[in-house]
Amino acid sequence: MTATVIGPLHSDDGGQFIPPPVMKAVRARRVLPGFGLTMGLTLTYLGVIVLLPLAALILKSAEIGLDGFWQVLSSPRVLASFQLTFTAALIATAINAAYGLLMAWILVRYDFPGKRFVDALVDLPFALPTAVAGVALTTLFAGTGWYGRWLEPAGIQVAYTITGVAIAMAFTSVPFVIRTVQPVLESLDSQIEEASVTLGAYPFTIFRRIILPMIAPAYLTGCALAFARSLGEFGAVIFIAGNLPFKTEIAALLIFIRLEEFDYPAASAIAAVLLALAFIILFATNVLQARWLRRREAAS
Amino acid sequence: MSMAALDPARAFPQAAAVGANGRTTRSGQRVLITAGLVLTALFLVAPVAVIFAQAFSRGFAAYRASIVQPETLHAIWLTAVTALIAVPINMVFGVAAAWAIAKFRFPGKKTLISLIEIPFSISPIVAGVAYLLVYGSQGLFGEWLADHDIRIMFTPAAIVLVMLFVTSPFVVRELLPLMQAQGSEQEEAAATLGATGFQIFRRVTLPNIRWALLYGTVLCSARAIGEFGAVSVVSGRIRGETNTLPLQIELLYNDYNAAGAFAAASTLTVIALITLLIKAIIERRIGGAG
């Protein structure tokens, strides 16, 4: 490892993380050894592996200046790619919102043969390399594929269209909604539901009025994570997209193309936008979760 | 993602089934289960099936022939070596970070956890560009590295670095909830009896966290092996030199060598399925113990 490399951000971080007076207080209270070693390792690793590259990206894209930024981002091709990425990510998130909720529900509430198998299978998109997913989905939806052979005569073109892009994005982010909703659904108190059943409420009313509000924070978090992942997905999408400029070219691919043209400023500008979007989504979900935790603590 | 979340036995009998509208609930239940299973078969099972169907469409001999091409073999070797370097480093980081966060109180803990989770939400392509801007010729250290004749970009070293980036949250994420839940009483007892830090870790902590550590490592390896976007930016994709197996799949696919691409893809699919199997086994163990 390149532990000797000390970037400006890293040394800054190590110095300021724990103010000395607090350090003394912490040391007085603890019995266990290893704080200095493990914390040092953690901060060094984070500094070198995670923060240094992100700082470089921010610094290098700041060098371009606002005008340069605007010039890159306002080009029709870049705008078209962002529009496609956004629209497809929204469709993908909608697919996952529906499919994820259905799967979380049946996995928690019902018993059926093969349940364990299905439960394990749900994580497949995280375990399967994205390039493999891309090749597989393209093969399924191409004109001669298992699905394309039925869909294309019916006038539904999936491969090499925005639908294909959305399906690839949806595939790679399947586990987010399911795995965030599942534990919350499992921990729900059944008493309120039972009470509403005895009061004669219809199942759908119970779901909408009682269950949905309780799982809403987890559900929204799962959707936000799925959306974030979809915005940045690359491997699975580039196979099925066809990658036509202005039509089926996603933002991540455009970064790649600019890099191959050695247009580093343009690549870093687009990458900086994707990074900023990721941070905004991360921040929003953190705020959402914190608020939800506070409300739950206040209620109990 | 969350490990302790899955406990199918907890599904309590449907209270609604005994209500006045019991019959509609039963049939509704059947509709929902059928819909879920059909969608899962179409969406998750079919992609795996199509990989194997295509890989073996010309028989086993043809399959074997497309795997043993020198370029594909080199890609397998490179992927294995880089992952074997990245994963242990990540395990050390994961254990250290989980130890520091779970066993001690310090200000800024939440911020630290958020920092650790950052790579989860960042596009692999963005990560690749970020590394290029550090170690590439126009990057922060570009001139310094060139002066000292050190090449990192477009070499296996760069592949290892981006693997470390994209997989960095995996081990910590699995260890942290478990270590926080277990508390540190046992370790403190060992410490007061005079055990050294390393003894405490090996004799007390490690037996308690070994399954979570194994699971985190498995996830981390699967991701390192399968990483595509970040590796394709920093590896330079030099045929037979810096192509990892996922990149080799793309290359074969774009060369219209479908047989080769699917054969390579099937090996990665097998690794993914083994990952899921190990996960299911470990979850059952943790569920049974807890």
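Note that this is a predicted model, so its numbers are computed, not measured. (Residues numbered from 1 in each chain as written. Chains lettered and ligands numbered in written order. Predicted model: local features only at pLDDT ≥ 70, side-chain atom pairs only at ≥ 80, totals over all residues. Heavy atoms only, no water.)

1. A few points about a positive patch on the surface
We count it as follows: Residues qualify for a patch when their relative accessible area is over 30% and they have no salt bridge, like charges being joined within 9 Å and the nonpolar side chains of Val, Leu, Ile, Met, Phe, Trp and Tyr within 5 Å. Here the open area of atoms and residues is found with the Shrake-Rupley method and a 1.4 Å probe, where only the protein chains shown may cover a residue. For salt bridges, the criterion is a side-chain nitrogen of Lys or Arg within 4 Å of an Asp or Glu carboxyl oxygen. Only four residue types enter the tally: Lys and Arg on the positive side, Asp and Glu on the negative side, with His and both chain ends excluded. Every charge is mapped onto a representative atom, which is NZ of Lys, CZ of Arg, CG of Asp or CD of Glu. Helical segments are the DSSP runs of H or I of at least four residues, strand segments are the runs of E of at least two, and each set is numbered from the N terminus.
Together, Arg291(A), Arg294(A), Arg295(A) and Lys110(B) line one region of the surface with positive charge. Element by element, the count of residues in the positive patch is highest for helix α15 (residues 264–299) of chain A, at three residues. Mapped onto the elements of the fold, Arg295(A) is located in helix α15.

2. Remarks on helix α2 (residues 59–67) of chain B
Residue and element names in this part refer to chain B. Condition: Exposure classes here rest on a 1.4 Å probe applied to the protein chains alone. A residue is buried below 20% of its type maximum, exposed above 50%, and partly exposed in between. In this description, the arc belongs to the directions extending from the helix axis to the C-beta atoms.
Tyr63, Ser66 and Ile67 are the residues of α2 that are buried. Projected onto a plane normal to the axis of α2, the buried residues spread over an arc of 100 degrees and lie on a single side. Among the exposed residues of α2, those oriented more than 90 degrees off its buried face are Ala61 and Arg64.

3. Considering the domain arrangement of chain A
Residues and elements named next belong to chain A. To keep things clear, this is the line we draw: For the purposes of this description, domain bounds are those given by an automatic or database domain assignment. What makes two residues a contact is simply this: any of their non-hydrogen atoms within 4.5 Å. Summed over both partners, the accessible surface that disappears when two parts come together, traced with a 1.4 Å probe, is what is meant by buried area. Polar contacts here mean pairs of N or O atoms no more than 3.5 Å apart (in protein, one a potential hydrogen donor and the other a potential acceptor; neighbouring residues in sequence count only if both atoms are side-chain atoms). Three categories are distinguished: nonpolar for Ala, Val, Leu, Ile, Met, Phe, Trp, Tyr, Cys and Pro, charged for Asp, Glu, Lys and Arg, and polar for the others, with Gly belonging to the last.
According to the domain assignment, chain A consists of domain 1 (8–65) and domain 2 (75–299). Facing five residues of domain 1, the contacting portion of domain 2 comprises seven residues. Around 450 Å² of area is buried between domain 1 and domain 2 when both sides are counted, 92% of it from carbon and sulfur atoms. Summed over the shared surface of domain 1 and domain 2, the result is zero salt bridges. In this structure, the connection of domain 1 to domain 2 is made through zero residue pairs in polar contact (both at pLDDT 80 or more). Of the residues assigned to the side of domain 1 that touches domain 2, the class counts are four nonpolar, one polar and no charged.

4. A look at the interface of chain A and chain B
Think of interface size as the accessible area that goes away when the parts come together; that is how it is often given. Every contact between the two is made by 101 residues of chain A and, on the other side, 106 residues of chain B. In total, about 9300 Å² of surface goes out of reach between chain A and chain B, with carbon and sulfur atoms giving 78% of it. The largest share of the area that chain A buries against chain B comes from Leu32(A), Tyr45(A) and Tyr264(A), three residues that together contribute 7% of it. Our count for the chain A to chain B interface comes out at two salt bridges. We note a salt bridge from Asp123(A) to Lys279(B), for which the minimum N-O separation is 2.8 Å. Remark: the boundary between chain A and chain B carries nine residue pairs in polar contact (both at pLDDT 80 or more). Broken down by element, the side of chain A that touches chain B gets its largest block of residues, 19 residues, from helix α3 (residues 35–73) of chain A.

5. Some points on empty space enclosed by the protein
Defined as follows: Definitions used throughout: a 1 Å grid over protein atoms alone; a cavity as a set of points that fits a 1.4 Å probe which cannot get out; a pocket as an open set with protein on both sides within 12 Å along at least five of seven lines; a lining residue as one with an atom within 4 Å of a point. Grid points are joined across faces, edges and corners, and a volume is the space filled by probe spheres set on the points.
Within the structure shown, the criterion is met by two cavities of 30 Å³ or more. Empty space within the largest cavity amounts to approximately 540 Å³. At the level of secondary structure, the elements contributing two or more residues to the lining of the largest cavity comprise α6 (124–127) and α12 (203–232) of chain A together with α4 (109–121), α8 (169–182), α10 (197–226) and α13 (258–289) of chain B. With five residues, α10(B) is the largest single contributor of residues to the lining of the largest cavity. Tallied by class, residues from the lining of the largest cavity come to 19 nonpolar, eight polar and eight charged. In terms of lining residues, the second largest cavity is bounded by Ala228(A), Leu231(A), Gly232(A), Leu274(A), Leu277(A), Ala278(A), Ile281(A), Ser121(B), Ile122(B), Ser123(B) and Val126(B). Broken down by secondary-structure element, the contributors of at least two residues to the lining of the second largest cavity are α12 and α15 of chain A.

6. Considering the UniProt feature "transmembrane region" (unreviewed entry) in chain B
All names here are of chain B. The following threshold applies: UniProt positions are given in the numbering used here, feature names are shortened, and annotations may be inferred rather than shown by experiment.
When the UniProt feature table is mapped to this numbering, "transmembrane region" (unreviewed entry) covers residues 31–56, 76–100, 112–133, 153–172, 212–238 and 258–278. Annotation note: span residues 112–133, helix share 91%, strand share 0%, distance between end C-alpha atoms 24 Å. Annotation note: span residues 258–278, helix share 100%, strand share 0%, distance between end C-alpha atoms 30 Å.

7. Topic: the UniProt feature "domain: ABC transmembrane type-1" (unreviewed entry) in chain B
Those residues carrying the UniProt feature "domain: ABC transmembrane type-1" (unreviewed entry) are residues 76–283 of chain B in this numbering. Within the segment residues 76–283 of chain B, helix and strand shares are 79% and 0% respectively, and the terminal C-alpha atoms sit 29 Å apart.

8. Quick notes on the UniProt feature "transmembrane region" (unreviewed entry) in chain A
Residue and element names in this part refer to chain A. When the UniProt feature table is mapped onto this chain, "transmembrane region" (unreviewed entry) is found at residues 35–59, 80–106, 126–146, 158–178, 206–227, 234–257 and 269–288. Between the end C-alpha atoms of residues 234–257 there is a gap of 12 Å, over a span that is 58% helix and 0% strand. Note that residues 269–288 is 100% helix and 0% strand, and that its end C-alpha atoms are spaced 29 Å apart.

9. Here's the deal with the packing of aromatic side chains
Our working definition: Two aromatic rings from Phe, Tyr or Trp, using only the six-membered ring of Trp, form a pair when their centres are within 6.5 Å; if the ring planes differ by under 30 degrees the pair is stacked, by over 60 it is edge-to-face, and anything between is tilted. Two conditions define a charge located above a ring, namely a distance within 6 Å from the ring centre to NZ of Lys or CZ of Arg, and an angle within 35 degrees of the ring normal.
One pass over the structure, following the stated rule, counts 22 aromatic pairs over all chains. Between the aromatic rings of Phe35(A) and Phe104(B), the centroid separation amounts to 4.8 Å while the plane-to-plane angle is 65 degrees, which identifies the pairing as edge-to-face. In this pair, Phe35(A) sits in helix α3 while Phe104(B) sits in the loop between α3 (70–103) and α4, so the two residues belong to two different chains. Plain terms: the ring middles of Phe86(A) and Phe227(A) are 6.0 Å apart, the flat faces sit at 55 degrees to each other, and that makes the pair tilted. Of the two residues, Phe86(A) is situated in helix α4 (residues 76–109) and Phe227(A) in helix α12; the sequence distance between them amounts to 141 residues. For Phe86(A), a relative accessible area of 32% puts it in the partly exposed group. Members of the aromatic cluster, each reached through a chain of ring pairs, are Phe234(A), Phe239(A), Phe256(A), Phe228(B) and Tyr253(B). Over the ring of Trp99(B) we find Lys103(B); its NZ or CZ atom is 5.8 Å from the centre of that ring.

10. A short note on unusual backbone geometry
Positive phi is not limited to glycine here, since Phe246(A) has a value of about 70 degrees. Even without glycine at this site, Arg237(B) takes up a positive phi of about 50 degrees. Mapped onto the elements of the fold, Arg237(B) is located in the loop between α11 (229–234) and α12 (245–254).

11. Considering the side chain of Ser184(B)
With respect to the secondary-structure elements, Ser184(B) resides in the loop between α8 and α9 (185–192). Ser184(B) gets classed as buried once you look at its relative accessible area, which sits at 14%. Contacts of Ser184(B), omitting those with residues within four sequence positions, involve Leu32(A) and Lys103(B).

12. A short note on the packing of α3(A) against α3(B)
Short version of the rule: Convention adopted: a line fitted to C-alpha atoms gives each axis, helices being fitted over their contacting stretch, and angles between N-to-C directions are expressed from 0 to 180 degrees. Note that the term roughly parallel is reserved for angles under 35 degrees, roughly antiparallel for angles over 145, roughly perpendicular for angles of 65 to 115, and oblique for everything else. Left-handed is the label given to a crossing in which the near helix is rotated counterclockwise from the far helix by less than a right angle, and right-handed is the label when the rotation is clockwise.
Following both chains from N to C, one finds α3(A) and α3(B) inclined at 125 degrees, their axes separated by 8 Å at the closest point. Classified by the angle their axes make, α3(A) and α3(B) are oblique. Considering only the axes of α3(A) and α3(B), their crossing is left-handed. On α3(B), the residues touching Phe35(A), Thr38(A), Met39(A), Leu41(A), Thr42(A), Tyr45(A) and Leu46(A) of α3(A) are Ile89(B), Asn90(B), Val92(B), Phe93(B), Ala96(B), Ala97(B), Trp99(B) and Ala100(B).

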